[in-house]
Amino acid sequence: MESIAAKPLPDITDLTRPFWTAAREGRLVMQKCPSCGTVNFHPKPWCIECGDRGLEWTEMQTGGTVYSYTVSHSVAMNHLGWQAELPVIMCLIDIDGGARMYAQVTDVAAEDMQIGMRVKAYFEPISEEAGIPKFRPA
Amino acid sequence: MRGKVAIVGYGRTPYSRLKPGEPVLTVDEYIAWAAELALERAGMSKSDFDGQGLGVSHAEVAHTVNWSAATAENLGISPNALIRGDQGGCSATSMLIRAATLIEAGVIDRALIVGADTPLSMPSLAPGLPLSPERTRGVFWDFQGPFGVMGATAQFALILRRYMHEHQVTPEQLGKVAVTNRYHASLNPGAIYRKPFTLQEYLDSRMLSDPIRLFDCVPIVNGGLAYIVTSAESAKAITDRPVYVLGFGETNNFYSGSRVFPDVTVTGFSESAPRAMEMAGVGHDDIDFLQPYDDYPFISMKTIEDWGFCKKGEGGKFLEEHDLRFDGDFPMSTDGGQLSGGQPGGANGGFMPLVEGVTQLRGEAEGRQVPNAGIGAVCGFGGIPYGRPGRSCISVILGSEA
Ligand SMILES: [Zn+2]
């Protein structure tokens, strides 16, 4: 049995490095298409609307709206690092002018969560070279 | 394509939760066992598939390269066409469609389609929740795991929560699906969980990822399934009870609305089901039962809606107003489904709606036989894309008459 990180860490590639680096530095970036303006997320090899391979990493606003949420009470995916944080509030967040992403919302009671809630990103380092955005009520 | 091919045999091995003392079979052994059951029922032998088609579903347990050809080697079959199912819970139905088109084109006359998995035997990083390496690598995983996306239950809870925001559905309505599935499982010796539970027990079951409860979730098992599909002409010589493929429809990577901010309350069944029904030339009132891909009760509910048995948003009410039992006015998941029957790996649970549909239409569903079943609807539902409900949605109409 191989050992496992408390929480999963990404395998960083040249494709995805800009996202992880930016989040480590406290910025949210997504790939924007220079041809059609579509924001692609998660990172794609070309624009999912027009097929342009020249997607450009673009700084996003940090505001967003909760599209949906769930209050998770169980540890899944085997990563026991989540155990201490349960219940975890996992969301789909629609980033203003951006795209939809999975992210945690913190600093809110589960019973106060609402779809349509306005949230703002903050950034948590997860390794020397990577960070992730999390969100708090705006 | 209506009525051009038929299913003439099927097999479903006993499932295992790997209780102490139970034999531990490999995926190859389960495939052979399921194939043997299907061949026996059709009165055929493996040599009937030399020069014909062999379909092999994906397995998450470690397997060799060239998996479909390696399976042919293991089974001692030399087919002229290999079909590979790689669409998760749509693999069984997608291989049916591929085989049907190869048969209709005259490339082959028949195909043996197999699928098995032993997820409980996968090396597991923690007890009770095996994860295949392929689930935890690649860009798709890198933008989920580190963010705390904790498996299918949490992913589907997000979809259900959004649905509940836009439409009305109560825990009692969804619980009725789970309770009825268990009732059907109690009538099916092949189901893994057979002790009936009440609606109250459903409501009292532990909340895993609100609004999804423990009794909303599918239990993983080791097991295998198989079926045999032939040209309609050959089918008549093989069995007096062929089950014809009357229609099919398939959607992959379906979006409702924009690709950036899609509406997740609608599935690809909203497009694949009308196509299947049009090909079959049947309406909703002609369909005698529905076998959804029922890994969660609300997926069954959305399937009902997107097939058009009721309007969008009225699935909960539909569940409440209809008797879902095998002898009711809307028989559904008559084998107990995956919810109580067990899911033999993410890619192979999709054989179950198909195999149960065929079982019903051949009149072989002892103790849970839908009365006068002549036309049935069966579904495949495969994979969970990023922030959406289902990568592949396949709708099939089967009939006892061509
Ligand atoms: Zn574009």
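Cut-offs used in this document
- Residues numbered from 1 in each chain as written.
- Chains lettered and ligands numbered in written order.
- Predicted model: local features only at pLDDT ≥ 70, side-chain atom pairs only at ≥ 80, totals over all residues.
- Heavy atoms only, no water.
- Axes fitted to C-alpha atoms, helices over the stretch in contact; angles between N-to-C directions.
- Helix = DSSP H or I, 4+ residues; strand = E, 2+ residues; numbered from the N terminus.
- Parallel < 35°, antiparallel > 145°, perpendicular 65-115°, else oblique.
- Contact = heavy atoms within 4.5 Å.
- Nonpolar A, V, L, I, M, F, W, Y, C, P; charged D, E, K, R; others polar.
- Donors = N, O, S within 2.8 Å, 3.2 Å for Na, K, Ca; no water.
- Tetrahedral: all angles 85-135°; square planar, octahedral: opposite > 155°, others 65-115°.
- Buried < 20%, exposed > 50% of the residue type's maximum accessible area, 1.4 Å probe, protein only.
- Core = buried A, V, L, I, M, F, W, Y, C linked by side-chain atoms within 4.5 Å.
- Domains from an automatic or database assignment.
- Pairing = 2+ DSSP bridges.

Going by the annotation in an unreviewed UniProt entry, the name recorded for chain A is Zn-ribbon domain-containing OB-fold protein, with Nitratireductor indicus C115 given as the source organism.

Colleague: Talk me through the packing of helix α6 (residues 171-186) of chain B against helix α10 (residues 297-307) of chain B; I want residue IDs and the actual numbers.
Modeller: Residue and element names in this part refer to chain B. At a minimum axis distance of 8 Å, the contact between α6 and α10 shows a crossing angle of 105°. Judged by the angle between their axes, α6 and α10 are roughly perpendicular. Where α6 approaches α10, its residues Leu 174, Val 177 and Ala 178 are matched on the opposing element by Pro 297, Phe 298, Ser 300 and Met 301. The class makeup of the residues in the contact of α6 with α10 is six nonpolar, one polar and no charged.

Colleague: An account of unusual backbone geometry is requested, with residue identities and associated values reported.
Modeller: The amide bond that connects A:Phe41 to the next residue, A:His42, takes the cis arrangement and shows omega of 0°. For A:His42, the position within the fold is in the loop between β2 (39-40) and β3 (56-59). Positive phi outside glycine occurs at B:Asn253, with the angle close to 55°. By secondary structure assignment, the location of B:Asn253 is in the loop between β8 (243-252) and α9 (269-280).

Colleague: An account of the coordination of the zinc ion is requested, with residue identities and associated values reported.
Modeller: All names here are of chain A. Distances from the zinc ion to its protein donors, Cys 33 (SG), Cys 36 (SG), Cys 47 (SG) and Cys 50 (SG), fall at 2.2 to 2.3 Å. Each of the four donor atoms around the zinc ion contributes to a set of angles spanning 99 to 118°, which defines the coordination as tetrahedral. As a motif over one chain, the donors of the zinc ion read C-x2-C-x10-C-x2-C. Of this pair, Cys 33 sits in the loop between β1 (29-32) and β2 while Cys 47 sits in the loop between β2 and β3, placing them 14 residues apart in sequence. There is no split in this pair, since Cys 33 and Cys 47 are both buried.

Colleague: If you had to explain the nonpolar core to someone new, which residues and values would you point to?
Modeller: Of all hydrophobic cores here, the largest spans 119 residues; its most connected members are A:Met101, B:Trp307 and B:Ile397. At eight residues, the largest contribution of residues to this core is made by helix α1 (residues 27-42) of chain B. There are two domains that each give this core at least three residues, and those are domain 1 (5-124 + 224-238) and domain 2 (148-214 + 243-399) of chain B. Those residues in contact with B:Trp307 that sit more than four places away from it in its chain are B:Phe269, B:Ala273, B:Met277, B:His284, B:Ile287, B:Ala377, B:Val378, B:Cys379, B:Ser395, B:Val396 and B:Ile397. Counting residues in each nonpolar core, the second largest holds 38 residues, with B:Ile83, B:Ala100, B:Val245 and B:Met352 among its members.

Colleague: How would you sum up the sheet that holds β2(A)? Please name residues and give values.
Modeller: Sheet architecture is open: three strands sit in the order β2-β1-β3 (chain A), paired in antiparallel fashion. The sheet terminates laterally at β2 and β3 of chain A, the two strands that pair on one side only.

Colleague: Which residues make up the pairing of strand β4 (residues 110-117) of chain B, and what are the values?
Modeller: Successive side chains on a regular strand alternate, one facing one side of the sheet and the next facing the other. Residues and elements named next belong to chain B. With respect to burial, β4 is a largely interior element, seven of its eight residues being buried. Two elements, strand β2 (residues 53-57) and β4, share four bridges in a ladder whose sense is parallel. Paired with Gly 53 across the two strands is Ala 111, which belongs to β4. Where β4 and strand β7 (residues 223-231) come together, eight bridges link them in antiparallel fashion. Note that in β7 the partner of Ala 116 across the bridge is Gly 224.

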